[in-house]
Amino acid sequence: MNYAEAEKMLKKCGQEHVLAYWKKLNKKEQAALLEQIAKIEPKNLAYCQQALKAGADVPDSSKGKAPKVAVLKGKKLAEAVAAGEKELKAGKVAALLVAGGQGSRLGYEGPKGCYSIGPITGAPLFYFHARKILARTIRYGASIPFYVMTSEANNEATVKCFEENDYFGLNPDDVFFFTQGMWPGMTKDGKIILDQPGRVFMSPDGHGGLLAALKRSGALADMKKRGIKSVFFFQVDNPLVEIADPAFIGYHVLNKSEYSLKLCAKRDPYEKVGMPMEFTVKGRKQYRMVEYTEMTKEQCERKGKDGNLYFLYGSPAIHVFDRAFLDREASRPMPLHLAFKKIPYVDEKGKVVKPAEPNGYKFEKFIFDILPNAKTASFLAFDQKEEFSPVKNAEGNDSPATCKADMQAKWRKWLAAVGVTVASDLPIEIDPAYAVDAIDLAATGIALGAE
Ligand code: UTP
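Scope of this entry: the structure provided in the associated data block. (Residues numbered from 1 in each chain as written. Predicted model: local features only at pLDDT ≥ 70, side-chain atom pairs only at ≥ 80, totals over all residues. Heavy atoms only, no water.)

**Points about helix α7 (residues 210–217)**
One turn of the α-helix equals 3.6 residues, which is why residues spaced by three or four share an orientation. Stated formally: Between buried and exposed lies partly exposed: a residue is buried under 20% and exposed over 50% of the maximum accessible area for its type, with that area taken using a 1.4 Å probe on protein chains only. Strands here are runs of E lasting at least two residues and helices are runs of H or I lasting at least four, both read from the DSSP assignment and numbered beginning at the N terminus. The directions considered for the arc run from the helix axis to the C-beta atoms. Note on definitions: a residue-residue contact is assigned when non-hydrogen atoms from the two residues lie within 4.5 Å.
Of the residues making up α7, those classed as buried are L210, L211, A213 and L214. The buried residues of α7 occupy an angular sector of 165° when the element is viewed end-on, so they sit on one face. Check the buried side of α7 and you find it contacts β1 (93–98), β2 (146–150), β3 (175–179), α8 (219–225), β8 (230–235) and α11 (323–329).

**Remarks on the pairing of strand β12 (residues 313–322)**
Test applied: DSSP bridges decide pairing: two strands pair if at least two such bridges lie between them.
Most of β12 is tucked away, with nine of its 10 residues classed as buried. As defined by bridge partners, β8 adjoins β12 across four bridges and the pair is classed as antiparallel. In the sheet register, F233 faces β12, and the bridge partner there is H319. Sheet analysis places strand β9 (residues 259–265) next to β12, joined by six bridges and oriented antiparallel. Bridging from a neighbouring strand, L261 pairs with H319 of β12.

**Here we look at the side chain of D245**
Along the chain, the position of D245 falls in the loop between β8 and α9 (246–254). When neighbours within four sequence positions are excluded, D245 is seen to be in contact with R136, F232 and K262.

**Here's the deal with the state of the cysteines**
Here a disulfide denotes one covalent bond, and it connects the sulfur atoms of two cysteines. We count it as follows: The rule for a disulfide is simple: a pair of cysteine sulfur atoms within 2.5 Å.
The tally for this structure, following the rule as stated, stands at zero disulfides. Cysteine C13 shares no disulfide, and the gap to the nearest cysteine sulfur, in C48, comes to 11 Å. With no disulfide of its own, C114 lies closest to C161 among cysteine sulfurs, the gap being 3.5 Å. A residue is classified by how much of its surface remains accessible, and C114, at 19% relative accessible area, is buried.

**Description of the side chain of D406**
With respect to the secondary-structure elements, D406 resides in helix α13 (residues 400–417). The residues contacting D406, other than those within four sequence positions of it, are L240, K385 and S389.

**Considerations on the environment of I228**
Residue placement: I228 occurs in the loop between α8 and β8. C-alpha of I228 to C-alpha of S116: the two residues are 112 residues apart in sequence and 31 Å apart in space. Leaving out residues up to four positions away in the same chain, I228 has contacts with G91, K92, V93, A94, P145, M223 and R323.

**Regarding the site of the ligand**
Stated formally: If even one non-hydrogen atom of a residue comes within 4 Å of a molecule or strand, that residue is called near it. Between N or O atoms, a polar contact is any pair within 3.5 Å; within protein, one atom must be a potential hydrogen donor and the other a potential acceptor, and residues adjacent in sequence are included only when both atoms are from side chains. Each accessible area is a Shrake-Rupley result for a 1.4 Å probe, and residues are judged covered by the shown protein chains and nothing else. Each residue gets one label: Ala, Val, Leu, Ile, Met, Phe, Trp, Tyr, Cys and Pro are nonpolar, Asp, Glu, Lys and Arg are charged, and the others, such as Gly, are polar.
For the ligand, the set of nearby residues contains 18 residues, the closest of which are V98, Q102, S104, Q180 and K392. R105 is positioned such that a nitrogen or oxygen atom in its backbone is 2.8 Å from an oxygen atom of the ligand. Taken by itself the ligand offers 560 Å² of open surface, and the protein chains cover 86% of this. For the shell around the ligand, the class distribution of residues is five nonpolar, nine polar and four charged.

**Considerations on the packing of aromatic side chains**
Any pair of aromatic rings gets described here by the distance separating the centres and the angle formed by the planes. The test is simple: Note on aromatic pairs: the rings of Phe, Tyr and Trp (six-membered ring only in Trp) are paired at centre separations within 6.5 Å, and the planes decide the class, stacked below 30 degrees, edge-to-face beyond 60, tilted for the rest. Two conditions define a charge sitting above a ring: the NZ of Lys or the CZ of Arg must be within 6 Å of the ring centre, and it must be within 35 degrees of the ring normal.
This model, assessed by the stated rule, comprises 22 aromatic pairs. Taking 6.3 Å as the distance between ring centres and 55° as the angle between the ring planes, the aromatic pair formed by F146 and F162 counts as tilted. Remark: F162 occurs in helix α6 (residues 155–164) and F146 occurs in strand β2; sequence separation between them is 16 residues. Taken as a pair, F146 and F162 share a single burial class, namely buried. Three or more aromatic residues link up through ring pairs in this structure, and these residues are F126, Y127, F128, F146, F162, Y167, F168, F177, F232, F234, F248 and W411. Residue placement shows K262 over the ring face of F382; its charged tip is 5.6 Å from the ring centre.

**Quick look at the packing of helix α4 (residues 74–89) against α9**
Heads up, the rule is: Lines fitted to C-alpha atoms define the axes, with helix axes restricted to the stretch in contact, and inter-axis angles between N-to-C directions lie between 0 and 180 degrees. Under this scheme an angle from 65 to 115 degrees is roughly perpendicular, one under 35 degrees roughly parallel, and one over 145 degrees roughly antiparallel; angles in between are oblique.
Where α4 contacts α9, the two axes come as close as 6 Å, and the packing angle between them is 90°. On the basis of the axis angle, α4 is roughly perpendicular to α9. On α9, the residues that touch L77, E79, A80, V81, A83, G84, E85, E87 and L88 of α4 are P246, A247, I249, G250, Y251, V253 and L254.

See the structure below:
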C-alpha cells in the first residue's frame, strides 16, 4: 500500500487523521505506518463503529436454566473412554491452544507459555502441554497435530521457545503456529487512536479471533487434509489440563456434539467464571455462555433441589469442537466485546499523552460466543482440583504458587496410588511423557522396590 492508497481508504472511512503527522515521520516510520494501515480492513472499522453505537448491550439472562451436565462413571465412563481412544488411534484428534494473550495480570514480559512452572526443572508451561500431547501420541500410535495461536507481539518468541527446546520432543511437522488478528483502538466517537505520531494503537482481537485466524492461516484446511474430526481446545495458563482426554473426546463423539464443554463446580457462588445456560429461542433449545458480570445476586446464590447451587457448573474454557463446526463458524461474524481502557494517545501538538482515566475502546471476540450456533452441545463435569489451576495472577489466587502446589498434589496422589509416599515438603515433578496419568505411572513399575 502506498500513501495515496492509504489516504483514499482512510478518507472513505472518515479516519484521515491517522496520517496527520505523516510529514514529521522518517522513512522507516512512514513505511511502518503504511504497513499497519494495509492490515486494517474497512469492513472491520465499520463493525467496530457499529459495536460502539450499540454500546454494551447486555443480553437478558433472567430466563436462563442450568444445562444438563453429565458426570461420567462406571459403564458410561468406559464407553466414552473407548470411543475417545478409537478417535485418537485413528488420528482424528487435534490439539488447539490459544496463547496470544498479553498476560498482563501475571506481569510477565514474554509469551505466557514460556513462563517457568515446573516445580523442580522450572520447565515452561509450553513444556507440559507439548509433553502431554507427545504422551498421547505414543500411547495411541497416531499423531495429534498441535495448532498454537500466537499474537503479533509474541509469535517470534513462542516459535523460538519451541525451536530452542527441540519442540519438546514433538515432530515439528505436527506443530502449526498461526497468529491472531489485531484491532485498532477507538475513541468513543469511533476515531482510530494513534499511540505514537506514526503508529495506530492496536490490540489482539481476543481468543475469539481464533476462528478468523484458523481460516486465514490455512490451519483449518490443514486439519481437513489430515482427516481431523475433533479439536481439543485449551488455554495456555492451565498446566493441569488433560489434553485430548479420551473420556471427553469420546463423550463428544458419542453425543455427535458440535461443541462440548468441560465444566467444574464453582468454588464459591461468586466465582468469576462463565456459566453456560439453556434458553428456549423460537421453540428451540439454545445454549449461551453467561458471563459472571451478567449474573444477578439471586442467580449466583440460587439453590437447586439437591441443596447445591442451581448454577453450579462454570466453564474453565476446556472445549472439544467438531472440526466442520469450526469451519462453518469461521465464515460468520462474531459479536464484539468492548473494553473501555486507558490508551496512550497523541495530542494536537503531536505529544504522546498517558491518560489518567479510560479514554478509548479495545475490541475483543470471545470463542464461547459460537455456543448458541452449535446444533448440538454437551456438558461434562470434572473435578476442578484435578484439571484446572490457571496461572493468572502474580500472587494470591490462581498464581504460580497455587498452580505449582496443585500440580504436585495431583502427582503426589498418583504416586500414593502405586504405593509411593512422598513427604509433603519434598518437591515433585513428573514429565508428562513419562506418565500422563496414574495408569501410565503404574505401568512404569515405579512402585517396585519403593519403600
Ligand atoms: P486471559 O483472558 O486470561 O487473558 O486469556 P491473558 O491475556 O492471558 O491475561 P490477562 O487478562 O492480560 O492477565 C485466556 C486465554 O486466552 C488466550 C490467552 O493466551 C489464554 O490462553 N488469549 C487471550 C488469546 O489467545 N488471545 C487474546 O487476545 C486473549
